[in-house]
Protein chains: 2
Amino acid sequence: MTQIDSIDRKIIAELQQDGGLSSQELADRVGSSAASCWRRVKALEQAGILKQTVRLVDPARLGRGLDVFCQIRLKSQSRTQRAAFEAFIEAQENVVECYSISGDWDYLLHVVAEDVADYERVLMHGILDHEVIASSSSIFVLRRVKHQTAIPV
Amino acid sequence: MTQIDSIDRKIIAELQQDGGLSSQELADRVGSSAASCWRRVKALEQAGILKQTVRLVDPARLGRGLDVFCQIRLKSQSRTQRAAFEAFIEAQENVVECYSISGDWDYLLHVVAEDVADYERVLMHGILDHEVIASSSSIFVLRRVKHQTAIPV
DNA sequence: TCTGAAACCTCTTCCAT
DNA sequence: ATGGAAGAGGTTTCAGA
């Protein structure tokens, strides 16, 4: 990939809002041709800039109305303990995001649960059962004020 | 919408992983026909369960390699101050997520920035300039361990 | 609810610019 | 690198069973 120009940026912005756009629709919006847009999208995929196309859902309608952010401290930050913890988290389907963070805690998890009772189950009998965890602190989400996947271009 | 059955669940699961699947591909994966899948998808959209299709991007490749979670406390939690803050956040393109939370802080923001210097600008000369904010605390992301948009069905 | 077929749109390549 | 044209292939939509 040579360079991202202003048309590429427009394409990325459009596709971040609506991943279902056809090359022709894209062309109309960014002021180019369908063939050109198609080539640009392929190049952006090739370059690893555009990744998957996903469908977003309403968690509440699927019985996952509760979001919780959970900070975790490990007993030891050794490479093996970290690797063990990360592999474990990867397999937990209730944990949708996991970040290694700076500060007082080692990890920040974003957990989706049905309700508080379900979260208690997921945390106490799922996550905290893991050997390497020293302690945790939960931040309960009262309301999603803003929730977008698009990043500025 | 009457009820979500097991085929609907499979459709939702597939579409959360790959929003670009055609009705035929969906049909093959969930064991149904293209026409049936097409009708089910329309019904799930109508019911507000399936929402937008979006394209995911690599933030680092677009010069937004730094994620920061920022906790905010307002001077007052009055309705007008909260509304003012939320409208302000809505307009901040660097803030991709904002949650109203329980505990010591009022809000949790997910901010994307170019680097630490850029974050300092965004925070000090963007977000914290706002009148209603009393204090903040930033959690820097060292690495994205897991980052998925799909929630379990 | 499914099958089949028609109409339509999209992807993909090629070529002249 | 771009835009137009065009064939192949896939998708939507609507009969009829």
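Nothing here was measured: the structure is a model prediction, and the numbers come from that model. (Residues numbered from 1 in each chain as written. Chains lettered and ligands numbered in written order. Predicted model: local features only at pLDDT ≥ 70, side-chain atom pairs only at ≥ 80, totals over all residues. Heavy atoms only, no water.)

(A) Main features of the interface of chain A and chain B. Each partner contributes to the interface: chain A provides 62 residues, whereas chain B provides 62 residues. Of the roughly 5900 Å² buried between chain A and chain B on both sides combined, carbon and sulfur atoms contribute 56%. Sorting the residues of chain A by area buried against chain B places Arg55(A), Lys146(A) and Pro152(A) first, and these three jointly supply 15% of that buried surface. Where chain A meets chain B, there are 45 residue pairs in polar contact (both at pLDDT 80 or more). Only α1 (6–17), α3 (34–46), β1 (50–57), β2 (66–74), α4 (79–91), β3 (95–101), β4 (107–113) and β5 (133–147) of chain A provide two or more residues apiece to the side of chain A that touches chain B. Looking at the side of chain A that touches chain B residue by residue, the class counts come to 31 nonpolar, 16 polar and 15 charged. (Contact = heavy atoms within 4.5 Å. Buried area = accessible area lost by both parts, 1.4 Å probe. Polar contact = N/O pair within 3.5 Å; in protein donor to acceptor, adjacent residues only side chain to side chain. Helix = DSSP H or I, 4+ residues; strand = E, 2+ residues; numbered from the N terminus. Nonpolar A, V, L, I, M, F, W, Y, C, P; charged D, E, K, R; others polar.)

(B) Expanded view of the relation of the copies chain A and chain B. Taken as rigid bodies, chain A and chain B are interconverted by a rotation of 180° and an axial shift of 0.0 Å, the fit giving an RMSD of 0.1 Å. A rotation of that kind, with that shift, is consistent with a two-fold axis. Taking the C-alpha atom as reference, chain A places Val54(A) closest to the rotation axis, 2.8 Å from it. Comparing interface residues between copies, 100% of those in chain A also lie at the interface in chain B; the contact surface is shared. (Least-squares fit on C-alpha atoms with pLDDT ≥ 70 in both.)

(C) Seen up close, the protein's contact with DNA strand D. Around DNA strand D, the neighbouring residues are Thr2(A), Ser32(A), Ser33(A), Ala35(A), Ser36(A), Arg39(A), Arg40(A), Ser22(B), Ser23(B), Gln24(B) and Trp38(B). Within 4 Å of the protein, atoms of DNA strand D come from sugar and phosphate in 68% of cases. Between DNA strand D and the protein, one listed contact pairs a phosphate oxygen with a side-chain N or O atom of Ser33(A) at 3.3 Å. Ser23(B) places a polar side-chain atom, nitrogen or oxygen, 2.9 Å from a phosphate oxygen of DNA strand D. Put simply, the parts of the chain that give the surface near DNA strand D at least two residues each are α3 of chain A together with α2 (23–30) of chain B. Here the element with the most residues in the surface near DNA strand D is α3(A); it accounts for four residues. Here the surface near DNA strand D is built from residues that sort into two nonpolar, seven polar and two charged. (Near = heavy atom within 4 Å.)

(D) Local environment of helix α4 (residues 79–91) of chain B. Across its 13 residues, α4(B) extends 19 Å between first and last C-alpha, which sits within 8% of the 18 Å expected from 1.5 Å per residue. Within the sequence span of α4(B), burial applies to Arg82(B), Phe85(B), Glu86(B), Phe88(B) and Ile89(B). Buried residues along α4(B) cover an arc of 160° about the axis, so they all sit on one side. Along α4(B), the residues that are exposed and aim more than 90 degrees away from the buried face are Arg79(B), Thr80(B) and Ala91(B). Here the buried face of α4(B) lies against β5 of chain A together with β2 (66–74), β3 (95–101), β4 (107–113), α5 (116–127) and β5 (133–147) of chain B. (Expected span 1.5 Å × (residues − 1). Buried < 20%, exposed > 50% of the residue type's maximum accessible area, 1.4 Å probe, protein only. Arc of directions from axis to C-beta.)

(E) Spotlight on the domain arrangement of chain A. In terms of domains, chain A is made up of domain 1 (6–46) and domain 2 (59–140). Put simply, the middle of domain 1 of chain A and the middle of domain 2 of chain A, counted by C-alpha atoms, are 37 Å apart. (Domains from an automatic or database assignment.)

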